[in-house]
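Residues per chain, in single letters:
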Amino acid sequence: MRRLLAGFVAILLAGGARADESLADEPASQEQLRSAVARALPLLTKGAVGHRENRTCFACHNQGLPILAMVTAKSRGIAIDDEEVARQLRFIADFLGKNREGYLQGKGQGGQADMAGYALLTLELGGWRADETTAAVTEFLLLRHADRDHYASTSQRPPSEASPFTTSYVALRGLAHFGTPEQRERIGKRTEQVRDWLVKTPAQDHEDRVFRLFGLRLAGAPQSDIDAAVKELLAKQRDDGGWSQLDGGEPKSATETDAYATGTALVALHQAGEICVCEEPYQRGIAYLLSTQLDDGTWRVASRSKPFQTYFETGFPHGKDQFISAAASAWATTALALACAARE
């Protein structure tokens, strides 16, 4: 099957001329990759600190995803602020802990399963040990939308909080990692239920395609379904090597290639689709990210979510676009870090 998929990749790339044929001619050097990751980390960290110091809630864009970038970078031997990561994890655990009884009763917090799932994912990434709070959150995830065959988003803040595939993936991952022995049978049934939904439900846009692929792998779907999801995502790679959030429609900015869509696609293709970072699609994506990284180490992406909270500065740049840009920069940094060779 992997040979068939490799053949598909070759045919796909040969079938269309690229706007820049040099994109993947020379793979990025380790020095280029490590330098790009190192340049991105300071402002990702600063934005996380700014959120922690100015808000009492958890935020996937300024905490969860930057921590994903940080721990991935650390796994490749790139220095991060370990003390700040520890402070972030304690902040997140304390935030969840304040609602422990509510979680046990099936009452979530703002963002519901999106927030709960992403918060548990962040704690997992940081090596947090299961405790009474994580057990309460997994109980909430078992109670949440128990009358449905998947998890639905309630926030409607595209791209990262609007897709049922994203919500279903982060919820299942929280259950898989932090579920208690007493919950295992229920978790198994819920996972099977959501897996069936993932297999039969087609993706509508990029966010759907990325997190459907993540979900299929996590839920143990048949390899044929995973391979089909990989092909579908690869087929959307553009001539410049990147991906866009939307295939068409409005806003126009979301139909253009950007770092959020490209970063999420690369991470999903590698981690869930088992595409090697050495393969041409991944290298073309890397080339796009390296060519669009700004001098300050970030990537700017235009927001398409309607604001509902009072605006504040976290220290991350790009003004009203700072939240999606932080998320985009974190995914892009993660994708680049995955291509860095591990070091002691």
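Thresholds applied
Residues numbered from 1 in each chain as written. Predicted model: local features only at pLDDT ≥ 70, side-chain atom pairs only at ≥ 80, totals over all residues. Heavy atoms only, no water. Helix = DSSP H or I, 4+ residues; strand = E, 2+ residues; numbered from the N terminus. Polar contact = N/O pair within 3.5 Å; in protein donor to acceptor, adjacent residues only side chain to side chain. Contact = heavy atoms within 4.5 Å. Disulfide = S-S within 2.5 Å. Buried < 20%, exposed > 50% of the residue type's maximum accessible area, 1.4 Å probe, protein only. Salt bridge = Lys/Arg side-chain N within 4 Å of Asp/Glu carboxyl O.

S.K.: Explain the side chain of Arg209 here, please?
M.R.: With respect to the helices and strands, the residue Arg209 is situated in helix α10 (residues 206–219). Separated by 2.9 Å, the side chains of Arg209 and Asp247 make a polar contact. Ignoring any residue separated from it by four or fewer positions in sequence, one finds Arg209 in contact with Ala203, Gln204, Glu232, Leu233, Lys236 and Asp247.

S.K.: Just checking my understanding: could you explain the state of the cysteines for this structure?
M.R.: A covalent bond bridging the sulfur atoms of two cysteines is what the word disulfide describes. What the rule picks out here adds up to one disulfide. Each disulfide pairs two cysteine sulfurs, and for Cys276 the partner residue is Cys278, the sulfurs being separated by 2.4 Å. The sign of the 125 degrees torsion about the S-S bond sets the Cys276-Cys278 disulfide as right-handed. Residue classification places Cys278 among the exposed residues on the basis of a relative accessible area of 56%.

S.K.: Before we go on, may I ask you to explain the environment of Arg343 in this structure?
M.R.: Mapped onto the elements, Arg343 comes out in the segment after α14 (322–338). The spatial distance from the C-alpha of Arg343 to the C-alpha of Ile78 is 8.3 Å, given a sequence separation of 265 residues. Dropping the residues within four chain positions of it, Arg343 is found in contact with Arg34, Arg76 and Gly77.

S.K.: Honestly, the pattern of salt bridges in this entry has me stumped. Any pointers?
M.R.: Opposite charge on two side chains allows them to pair when their charged atoms are near. By the definition in use, this model includes 16 salt bridges. Across the pair Arg52 and Glu84 runs a salt bridge whose closest N-O atoms are separated by 2.9 Å. Placement of Arg52 in helix α2 (residues 30–54) and of Glu84 in helix α4 (residues 82–97) is noted, with a sequence separation of 32 residues between them. Take Arg52 and Glu84: they sit in the same class, and that class is buried. Note that Asp82 is salt-bridged to Lys74, the shortest N-O span being 2.8 Å. Each of Arg52, Glu84 and Arg87 takes part in salt bridges that share partners, so that together they form one network.

Geometric descriptors of this kind do not, in isolation, establish any biological role.
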